[in-house]
Amino acid sequence: MEVIITPSAGEASAEAARIVAALIRAKPRAVLGLATGSTPLGFYDALAEMHARGEVDFSQVTTFNLDEYTGLAPDHPRSYARFMQEHFFSRVNIAPGRIHIPDGLARDIPAHCEAYEAAIREAGGIDVQLLGIGSDGHIGFNEPSSSLGSRTRLKTLTERTIRDNARFFASPEEVPRHVITMGVRTILDARRCLVLAFGDAKAAAVAAMAEGPVTADVPASALQLHASCALLVDEEAAARLKRAEYYRWVYANKPAWQRTPQAQRP
Ligand code: GLP
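Since we're looking at a predicted model, the values are computed, not measured.

Visitor: Run through the site of the ligand, naming residues and quoting values.
Guide: Within the structure, the ligand sits among 14 residues, and S38, T39, D67, R167 and K202 are positioned closest to it. One of the side-chain N or O atoms of H138 is found 2.9 Å from an oxygen atom in the ligand. Between the ligand and K202, the relevant distance is 2.6 Å, taken from an oxygen atom to a side-chain nitrogen or oxygen of the residue. Protein coverage of the free-state accessible area of the ligand, which is 390 Å², stands at 94%.

Visitor: So, the nonpolar core: which residues are in play, and what are the values?
Guide: One recurring pattern in soluble globular proteins is that nonpolar side chains are buried together. Core analysis: the largest hydrophobic core is formed by 73 residues, its most contacted members being L32, F58, F88 and L223. Those residues in contact with F58, other than ones at most four positions away along the chain, are I24, L32, L47, H51, F88, V92, N93 and I94. Counting residues in hydrophobic clusters, the runner-up holds ten residues, among them Y69, Y80, I162 and V179.

Visitor: Give me the lowdown on helix 2 (residues 41-52), citing residues and values where you can.
Guide: Along an α-helix, a turn takes 3.6 residues, which lines up residues three or four apart on a common side. The terminal C-alpha atoms of helix 2, which comprises twelve residues, lie 16 Å apart, in line with the 16 Å expected from a rise of 1.5 Å per residue. Those residues of helix 2 that are buried are in contact with helix 1 (9-26), strand 2 (31-34), helix 3 (80-87), strand 6 (128-131) and strand 9 (192-197).

Visitor: Quick rundown of the sheet that holds strand 10 (residues 229-234)? Include the residues and the values.
Guide: Here we have seven strands laid out as an open sheet, ordered 1-10-9-6-2-3-5, and parallel in their pairing. Bordering the open sheet on either side are strand 1 (2-6) and strand 5 (99-100), each of which pairs with just one other strand. Sheet topology places strand 1 next to strand 10; five bridges connect them, and they run parallel. Bridge pairing in strand 10 places I5 opposite V233.

Visitor: Quick one: what's the story with the sheet that holds strand 8 (residues 178-181), residue by residue and with numbers?
Guide: Strand pairing in a sheet relies on backbone hydrogen bonds, with the paired strands running either antiparallel or parallel. Spatial strand order, 4-8-7: three strands in an open sheet with antiparallel pairing. With one partner strand each, in any of the chains shown, strand 4 (67-69) and strand 7 (153-156) form the two edges of the open sheet. The sheet shows a mean angle of 30° between the axes of neighbouring strands, direction not considered. Pairing between strand 7 and strand 8: four bridges, direction antiparallel. Looking at the pairing, K155 lines up with V179 of strand 8.

Visitor: An account of the packing of aromatic side chains is needed here, citing residue identities and associated values.
Guide: Within a pair of aromatic rings, the relevant descriptors are the distance that separates the centres and the angle that separates the planes. Summed over the entire model, instances satisfying the criterion amount to ten aromatic pairs. One aromatic cluster in this structure is built from F43, Y44, F58, F88 and F89.

Visitor: Tell me about the packing of helix 1 against helix 2, and please be specific about residues and values.
Guide: Between helix 1 and helix 2, the least distance of the axes is 8 Å, while the angle of their chain directions is 45°. Viewed along their axes, helix 1 and helix 2 adopt a mutual orientation that is oblique. Judged by the sense of rotation from one axis to the other, the crossing of helix 1 with helix 2 is right-handed. Residues S13, A14, A16, A17, R18, V20, A21 and R25 of helix 1 pack against G42, F43, A46, L47 and M50 of helix 2. Across the contact of helix 1 with helix 2, the residue classes break down as nine nonpolar, two polar and two charged.

The rules behind these values
Residues numbered from 1 in each chain as written. Predicted model: local features only at pLDDT ≥ 70, side-chain atom pairs only at ≥ 80, totals over all residues. Heavy atoms only, no water. Near = heavy atom within 4 Å. Polar contact = N/O pair within 3.5 Å; in protein donor to acceptor, adjacent residues only side chain to side chain. Areas by Shrake-Rupley, 256 points an atom, 1.4 Å probe, with all protein chains shown as cover. Core = buried A, V, L, I, M, F, W, Y, C linked by side-chain atoms within 4.5 Å. Buried < 20%, exposed > 50% of the residue type's maximum accessible area, 1.4 Å probe, protein only. Contact = heavy atoms within 4.5 Å. Helix = DSSP H or I, 4+ residues; strand = E, 2+ residues; numbered from the N terminus. Expected span 1.5 Å × (residues − 1). Pairing = 2+ DSSP bridges. Axes fitted to C-alpha atoms, helices over the stretch in contact; angles between N-to-C directions. Phe/Tyr/Trp six-rings, centres within 6.5 Å; stacked < 30°, edge-to-face > 60°. Parallel < 35°, antiparallel > 145°, perpendicular 65-115°, else oblique. Left-handed = near helix turned anticlockwise from the far one by under 90°. Nonpolar A, V, L, I, M, F, W, Y, C, P; charged D, E, K, R; others polar.

The values are spatial; any link to function lies outside them.
Listed below in C-alpha coordinates is the structure:
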(Lines give C-alpha, C1' and ligand atoms only; values in the text may rest on other atoms or scores of the structure.)
Protein backbone atom coordinates (compact mmCIF):
# COMPACT_ATOMS: atom_id res chain seq x y z
CA MET A 1 0.00 0.00 0.00
CA GLU A 2 1.33 3.43 -0.90
CA VAL A 3 0.93 5.75 2.09
CA ILE A 4 0.91 9.47 1.28
CA ILE A 5 0.99 11.75 4.31
CA THR A 6 -0.15 15.27 3.48
CA PRO A 7 -0.11 18.35 5.72
CA SER A 8 -3.88 18.75 5.48
CA ALA A 9 -7.08 17.02 4.45
CA GLY A 10 -7.48 19.65 1.73
CA GLU A 11 -4.22 18.65 0.07
CA ALA A 12 -5.04 14.93 0.22
CA SER A 13 -8.48 15.59 -1.27
CA ALA A 14 -7.02 17.71 -4.05
CA GLU A 15 -4.44 15.02 -4.86
CA ALA A 16 -7.14 12.31 -5.00
CA ALA A 17 -9.25 14.56 -7.26
CA ARG A 18 -6.25 15.13 -9.57
CA ILE A 19 -5.69 11.37 -9.84
CA VAL A 20 -9.35 10.73 -10.72
CA ALA A 21 -9.51 13.66 -13.17
CA ALA A 22 -6.37 12.39 -14.91
CA LEU A 23 -7.94 8.95 -15.19
CA ILE A 24 -11.09 10.41 -16.78
CA ARG A 25 -9.02 12.44 -19.26
CA ALA A 26 -7.13 9.30 -20.25
CA LYS A 27 -10.28 7.14 -20.26
CA PRO A 28 -13.46 9.23 -20.75
CA ARG A 29 -15.65 6.16 -20.16
CA ALA A 30 -14.03 5.49 -16.78
CA VAL A 31 -15.97 3.63 -14.11
CA LEU A 32 -15.71 5.25 -10.67
CA GLY A 33 -16.49 3.63 -7.34
CA LEU A 34 -17.71 6.33 -4.97
CA ALA A 35 -18.02 6.71 -1.22
CA THR A 36 -20.04 8.80 1.22
CA GLY A 37 -19.33 10.22 4.69
CA SER A 38 -17.66 13.45 5.78
CA THR A 39 -14.25 12.36 4.51
CA PRO A 40 -14.80 12.62 0.71
CA LEU A 41 -16.52 16.03 0.82
CA GLY A 42 -13.33 17.92 -0.07
CA PHE A 43 -12.65 15.44 -2.86
CA TYR A 44 -16.10 16.08 -4.36
CA ASP A 45 -15.63 19.83 -4.00
CA ALA A 46 -12.29 19.63 -5.80
CA LEU A 47 -13.72 17.56 -8.66
CA ALA A 48 -16.77 19.84 -8.99
CA GLU A 49 -14.47 22.88 -9.13
CA MET A 50 -12.33 21.23 -11.82
CA HIS A 51 -15.51 20.50 -13.76
CA ALA A 52 -16.68 24.13 -13.41
CA ARG A 53 -13.33 25.26 -14.85
CA GLY A 54 -13.81 22.93 -17.82
CA GLU A 55 -10.96 20.66 -16.76
CA VAL A 56 -12.89 17.41 -16.53
CA ASP A 57 -15.93 16.07 -18.38
CA PHE A 58 -18.05 13.39 -16.71
CA SER A 59 -20.50 12.90 -19.59
CA GLN A 60 -19.35 9.34 -20.34
CA VAL A 61 -18.38 8.34 -16.81
CA THR A 62 -20.22 5.55 -14.96
CA THR A 63 -20.40 5.44 -11.15
CA PHE A 64 -21.13 2.81 -8.54
CA ASN A 65 -21.56 3.78 -4.91
CA LEU A 66 -20.33 1.53 -2.16
CA ASP A 67 -23.42 1.32 -0.01
CA GLU A 68 -26.85 2.47 1.10
CA TYR A 69 -29.05 2.22 4.19
CA THR A 70 -32.02 -0.12 3.86
CA GLY A 71 -35.46 1.34 4.38
CA LEU A 72 -34.51 4.81 3.13
CA ALA A 73 -35.92 6.01 -0.20
CA PRO A 74 -33.44 7.71 -2.55
CA ASP A 75 -34.92 11.12 -1.73
CA HIS A 76 -34.77 10.58 2.05
CA PRO A 77 -32.58 13.38 3.46
CA ARG A 78 -30.25 10.85 5.13
CA SER A 79 -29.98 8.39 2.25
CA TYR A 80 -26.64 8.08 0.53
CA ALA A 81 -28.43 8.61 -2.80
CA ARG A 82 -29.46 12.06 -1.61
CA PHE A 83 -26.00 12.71 -0.18
CA MET A 84 -24.43 11.98 -3.56
CA GLN A 85 -26.97 14.13 -5.38
CA GLU A 86 -26.32 17.10 -3.11
CA HIS A 87 -22.58 16.87 -2.80
CA PHE A 88 -21.55 15.67 -6.23
CA PHE A 89 -23.97 14.58 -8.94
CA SER A 90 -25.87 17.88 -9.05
CA ARG A 91 -22.57 19.72 -9.59
CA VAL A 92 -21.15 17.71 -12.52
CA ASN A 93 -22.44 16.30 -15.81
CA ILE A 94 -22.74 12.58 -15.09
CA ALA A 95 -25.65 11.09 -17.07
CA PRO A 96 -28.30 10.00 -14.51
CA GLY A 97 -28.57 6.62 -16.27
CA ARG A 98 -24.92 5.90 -15.52
CA ILE A 99 -25.26 6.46 -11.76
CA HIS A 100 -25.63 3.32 -9.63
CA ILE A 101 -26.37 3.23 -5.90
CA PRO A 102 -27.76 0.20 -4.07
CA ASP A 103 -31.53 0.58 -3.66
CA GLY A 104 -32.39 0.83 0.02
CA LEU A 105 -35.98 -0.08 -0.78
CA ALA A 106 -35.21 -3.21 -2.85
CA ARG A 107 -37.82 -5.88 -2.06
CA ASP A 108 -35.63 -8.84 -2.99
CA ILE A 109 -32.30 -7.80 -1.50
CA PRO A 110 -30.23 -10.86 -2.56
CA ALA A 111 -31.44 -10.48 -6.17
CA HIS A 112 -30.74 -6.75 -6.07
CA CYS A 113 -27.22 -7.40 -4.77
CA GLU A 114 -26.53 -9.94 -7.51
CA ALA A 115 -27.79 -7.49 -10.12
CA TYR A 116 -25.50 -4.80 -8.66
CA GLU A 117 -22.47 -7.08 -9.02
CA ALA A 118 -23.56 -7.96 -12.57
CA ALA A 119 -23.91 -4.26 -13.46
CA ILE A 120 -20.35 -3.61 -12.25
CA ARG A 121 -19.08 -6.48 -14.40
CA GLU A 122 -21.08 -5.32 -17.43
CA ALA A 123 -19.64 -1.82 -17.07
CA GLY A 124 -16.17 -3.38 -17.39
CA GLY A 125 -15.27 -3.28 -13.68
CA ILE A 126 -14.39 -0.32 -11.48
CA ASP A 127 -11.32 1.63 -12.58
CA VAL A 128 -10.83 3.52 -9.36
CA GLN A 129 -12.61 3.01 -6.06
CA LEU A 130 -12.69 5.86 -3.56
CA LEU A 131 -12.88 4.78 0.08
CA GLY A 132 -13.09 6.24 3.56
CA ILE A 133 -12.57 4.13 6.66
CA GLY A 134 -14.82 3.65 9.67
CA SER A 135 -13.29 4.12 13.12
CA ASP A 136 -13.76 0.34 13.57
CA GLY A 137 -11.82 -0.40 10.38
CA HIS A 138 -14.78 -0.89 8.06
CA ILE A 139 -14.73 -0.07 4.35
CA GLY A 140 -18.04 0.50 2.62
CA PHE A 141 -20.18 -0.95 5.38
CA ASN A 142 -18.13 -4.13 5.73
CA GLU A 143 -18.06 -4.28 9.49
CA PRO A 144 -15.45 -6.25 11.50
CA SER A 145 -15.92 -10.00 10.91
CA SER A 146 -17.00 -9.42 7.29
CA SER A 147 -15.71 -12.11 4.97
CA LEU A 148 -12.72 -10.87 3.03
CA GLY A 149 -14.22 -12.75 0.07
CA SER A 150 -17.61 -11.04 0.36
CA ARG A 151 -19.70 -9.59 -2.44
CA THR A 152 -22.52 -7.02 -2.38
CA ARG A 153 -24.99 -8.06 0.32
CA LEU A 154 -27.01 -7.04 3.36
CA LYS A 155 -25.01 -6.20 6.48
CA THR A 156 -25.99 -5.34 10.05
CA LEU A 157 -24.24 -2.28 11.47
CA THR A 158 -22.25 -2.45 14.70
CA GLU A 159 -23.39 -0.32 17.61
CA ARG A 160 -20.22 1.71 17.20
CA THR A 161 -21.00 2.58 13.57
CA ILE A 162 -24.57 3.45 14.54
CA ARG A 163 -23.14 5.80 17.18
CA ASP A 164 -20.58 7.25 14.72
CA ASN A 165 -23.22 7.90 12.06
CA ALA A 166 -25.94 9.11 14.48
CA ARG A 167 -24.65 12.67 13.97
CA PHE A 168 -26.42 12.71 10.60
CA PHE A 169 -29.74 11.61 12.12
CA ALA A 170 -31.98 13.09 14.82
CA SER A 171 -31.02 10.25 17.21
CA PRO A 172 -29.12 6.91 17.18
CA GLU A 173 -32.52 5.13 17.13
CA GLU A 174 -33.18 6.58 13.68
CA VAL A 175 -30.03 5.10 12.13
CA PRO A 176 -31.09 2.05 10.09
CA ARG A 177 -29.69 -1.22 11.47
CA HIS A 178 -29.18 -2.73 8.05
CA VAL A 179 -27.39 -1.64 4.92
CA ILE A 180 -26.54 -2.93 1.47
CA THR A 181 -22.82 -2.74 0.79
CA MET A 182 -20.35 -3.85 -1.83
CA GLY A 183 -18.31 -6.69 -0.35
CA VAL A 184 -14.61 -6.66 0.47
CA ARG A 185 -13.95 -8.79 -2.61
CA THR A 186 -15.98 -6.41 -4.77
CA ILE A 187 -13.76 -3.56 -3.55
CA LEU A 188 -10.55 -5.54 -4.10
CA ASP A 189 -11.62 -6.16 -7.71
CA ALA A 190 -11.33 -2.43 -8.50
CA ARG A 191 -8.25 -1.73 -10.60
CA ARG A 192 -7.12 0.96 -8.21
CA CYS A 193 -8.20 1.98 -4.70
CA LEU A 194 -7.81 5.42 -3.12
CA VAL A 195 -8.42 5.57 0.61
CA LEU A 196 -8.85 8.93 2.37
CA ALA A 197 -8.64 9.26 6.17
CA PHE A 198 -8.47 12.45 8.19
CA GLY A 199 -8.30 13.37 11.85
CA ASP A 200 -7.12 11.65 15.01
CA ALA A 201 -10.34 9.64 15.36
CA LYS A 202 -9.10 7.58 12.38
CA ALA A 203 -5.47 7.14 13.52
CA ALA A 204 -5.93 3.71 15.14
CA ALA A 205 -7.97 2.33 12.23
CA VAL A 206 -5.44 3.68 9.72
CA ALA A 207 -2.51 2.01 11.53
CA ALA A 208 -4.41 -1.29 11.76
CA MET A 209 -5.35 -1.10 8.08
CA ALA A 210 -1.88 -0.34 6.75
CA GLU A 211 0.44 -2.04 9.24
CA GLY A 212 -1.57 -4.58 11.20
CA PRO A 213 -2.27 -8.16 10.19
CA VAL A 214 -4.67 -8.86 7.32
CA THR A 215 -7.76 -9.88 9.23
CA ALA A 216 -11.54 -9.82 8.98
CA ASP A 217 -11.39 -8.03 12.33
CA VAL A 218 -10.21 -4.97 10.37
CA PRO A 219 -11.84 -5.32 6.93
CA ALA A 220 -9.79 -2.39 5.57
CA SER A 221 -6.62 -4.46 6.17
CA ALA A 222 -7.64 -6.56 3.15
CA LEU A 223 -6.45 -3.61 1.05
CA GLN A 224 -2.89 -4.75 1.83
CA LEU A 225 -3.59 -7.48 -0.73
CA HIS A 226 -4.48 -4.94 -3.42
CA ALA A 227 -1.75 -4.33 -5.98
CA SER A 228 -2.58 -0.64 -6.46
CA CYS A 229 -3.94 0.97 -3.34
CA ALA A 230 -2.99 4.47 -2.20
CA LEU A 231 -3.82 5.73 1.27
CA LEU A 232 -3.93 9.53 1.56
CA VAL A 233 -3.92 10.77 5.15
CA ASP A 234 -3.41 14.01 7.03
CA GLU A 235 -0.88 14.27 9.88
CA GLU A 236 -3.50 13.47 12.56
CA ALA A 237 -4.71 10.28 10.88
CA ALA A 238 -1.04 9.28 10.30
CA ALA A 239 -0.11 9.76 13.97
CA ARG A 240 -0.02 6.04 14.83
CA LEU A 241 1.78 4.76 11.74
CA LYS A 242 5.05 3.08 12.76
CA ARG A 243 6.66 3.63 9.37
CA ALA A 244 5.56 7.22 8.81
CA GLU A 245 9.13 8.42 8.23
CA TYR A 246 9.70 5.75 5.59
CA TYR A 247 6.47 6.67 3.78
CA ARG A 248 7.56 10.34 3.70
CA TRP A 249 10.99 9.29 2.42
CA VAL A 250 9.46 7.15 -0.35
CA TYR A 251 7.18 9.99 -1.44
CA ALA A 252 10.00 12.56 -1.39
CA ASN A 253 12.16 10.26 -3.52
CA LYS A 254 9.58 9.19 -6.07
CA PRO A 255 10.89 9.06 -9.60
CA ALA A 256 9.47 11.93 -11.69
CA TRP A 257 7.49 9.56 -13.94
CA GLN A 258 5.61 8.20 -10.94
CA ARG A 259 4.61 11.68 -9.82
CA THR A 260 2.45 12.50 -12.81
CA PRO A 261 -1.17 11.52 -12.12
CA GLN A 262 -1.36 10.05 -15.65
CA ALA A 263 1.24 7.47 -14.68
CA GLN A 264 -0.96 6.36 -11.80
CA ARG A 265 -3.89 5.44 -13.94
CA PRO A 266 -4.90 1.78 -13.78
C1 GLP B 1 -19.80 5.25 6.62
C2 GLP B 1 -19.60 4.81 5.16
C3 GLP B 1 -18.16 4.56 4.84
C4 GLP B 1 -17.31 5.70 5.36
C5 GLP B 1 -17.42 5.78 6.86
C6 GLP B 1 -16.60 6.88 7.48
O7 GLP B 1 -19.96 4.22 7.50
N8 GLP B 1 -20.36 3.67 4.84
O9 GLP B 1 -18.01 4.41 3.44
O10 GLP B 1 -15.97 5.50 5.00
O11 GLP B 1 -18.79 6.03 7.17
O12 GLP B 1 -17.34 8.07 7.50
P13 GLP B 1 -16.73 9.49 7.73
O14 GLP B 1 -16.00 9.82 6.49
O15 GLP B 1 -17.92 10.38 7.91
O16 GLP B 1 -15.86 9.40 8.92
